[in-house]
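Coordinate analysis (summary)
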Amino acid sequence: MFPAASVLFTDINKDMLLKLDASLPLGHSCSIGVSDLSLPDHVTLLDGKKLVIERHTYDIINASANMGYSLDPEKTIAILYGALKPGGVILNLEMNCSVWGRIVSWVYGYRILQFNQICISLASTGAKVSKRRISFRYFPLNLTRECILIEKPVQHS
């Protein structure tokens, strides 16, 4: 759909990334690397090359209930926000605080990063942070997750 797009997939689990790499079509234009969410701007690509993510690099960053695994989730959010280009968006399908969200988080040892924590940690940046409920159409995901959008404003000169 976006032939000129540059995509970087990261995870802390190298085995998962190797499976992803094997499942992608030959000639894909994706980079795949190991990264710890506590330092999300430091990536080791599968070929061993080290990559440091520069500021204002990405249009979209997608996260899915993983911020709570960071040693410092607020710092992680700030680093990811810095990696966004002006006009860029972070889409975080964060665990919600419902009974189901808390149970699943407890089972996986996950610390929920609440909406108000994200708002407070980005308050000085001018970020627009909003929350959206996930439709029943996406059951059972809607029981445990909420969609948090973090938008970086376009800078006008």
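Residues numbered from 1 in each chain as written. Predicted model: local features only at pLDDT ≥ 70, side-chain atom pairs only at ≥ 80, totals over all residues. Heavy atoms only, no water.

Description of the nonpolar core
Worth spelling out the cut-off: Here, nonpolar core refers to any group of buried Ala, Val, Leu, Ile, Met, Phe, Trp, Tyr and Cys residues whose side-chain atoms link them within 4.5 Å. Each residue is assigned to one of three classes by its accessible area relative to the maximum for its type, calculated with a 1.4 Å probe on protein chains only: buried under 20%, partly exposed between the two thresholds, exposed over 50%. Numbering of helices and strands runs from the N terminus, with a helix taken as a DSSP run of H or I at least four residues long and a strand as a DSSP run of E at least two residues long. When checking whether two residues touch, look at their non-hydrogen atoms; a contact exists if any pair is within 4.5 Å.
One finds Leu-122 and Ile-150 to be the most contacted residues of the largest nonpolar core, which totals 24 residues. Listing elements by their share of this core, those giving two or more residues are strand S3 (42-45), strand S5 (58-63), helix H2 (73-83), strand S6 (84-95) and strand S8 (145-151). Per element, the largest residue contribution to this core is four residues, and it comes from H2. Excluding anything up to four places from it in sequence, Ile-150 contacts Ile-77, Tyr-81, Leu-84, Gly-88, Val-89, Ile-90, Ile-118, Leu-122, Ala-127, Lys-128 and Val-129.

Looking at the pairing of S8
The condition is simple: Here, a strand pair is defined by DSSP locating no fewer than two bridges between the strands.
The buried fraction of S8 amounts to six of the seven residues, a majority that puts the element mostly inside the structure. Where S6 meets S8, seven bridges bridge the pair, whose relative direction is antiparallel. Bridge pairing in S8 places Ile-90 opposite Ile-150. In this sheet, S8 lies alongside strand S7 (residues 128-132) in antiparallel orientation, the contact comprising five bridges. Residue pairing across strands places Arg-132 opposite Cys-147, the latter belonging to S8.

Concerning the layout of surface pockets
To keep it simple, the criterion reads: Definitions used for this entry: grid spacing 1 Å over protein atoms alone; cavity, a set of points where a 1.4 Å probe fits but cannot get out; pocket, an open set with protein on both sides within 12 Å along at least 5 of 7 lines; lining residue, one with an atom within 4 Å of a point. Grid points are joined across faces, edges and corners, and a volume is the space filled by probe spheres set on the points. Classification used: nonpolar for Ala, Val, Leu, Ile, Met, Phe, Trp, Tyr, Cys and Pro, charged for Asp, Glu, Lys and Arg, polar for all others including Gly.
Reported here for the largest pocket is a volume of approximately 1400 Å³. Every residue lining the largest pocket is counted, 39 residues in all, and those nearest its centre are Leu-8, Phe-9, Thr-10, Ile-61 and Asn-62. Contributions of two or more residues to the lining of the largest pocket are made by strand S1 (7-11), helix H1 (14-23), S5 and H2. Here the residues of the lining of the largest pocket are counted per class, giving 26 nonpolar, eight polar and five charged. The computed volume of the second largest pocket comes to approximately 220 Å³. Broken down by secondary-structure element, the contributors of at least two residues to the lining of the second largest pocket are S7 and S8. Broken down by class, the residue content of the lining of the second largest pocket amounts to five nonpolar, four polar and five charged.

Examining the pairing of S6
Note the threshold: If the strands point away from the viewer and the path from the first strand over the helix to the second runs clockwise, then the crossover is right-handed.
Taken together, the five bridges between S5 and S6 define a ladder with parallel strand orientation. In the strand pairing of S6, Tyr-58 is matched with Leu-84. After leaving S5, the chain enters H2 and then returns to the sheet as S6, a path that is right-handed.

Comments concerning the sheet that holds strand S4 (residues 50-52)
Short version of the rule: Helix axes are fitted to C-alpha atoms over the stretch in contact, other axes to C-alpha atoms as well, and angles between N-to-C directions run from 0 to 180 degrees.
What the four strands build is an open sheet, ordered S1-S2-S3-S4; its pairing is mixed. Looking at which strands have only one partner, the edges of the open sheet turn out to be S1 and S4. When strand polarity is set aside, the average angle formed by the axes of neighbouring strands in this sheet is 40 degrees. Two elements, strand S2 (residues 30-34) and S3, share two bridges in a ladder whose sense is antiparallel. For Gly-33, the partnering residue across the bridge sits in S3 and is Leu-45. Helix-sheet contacts for H1 involve S1 and S2, and the interaxial angle to S2 is about 165 degrees.

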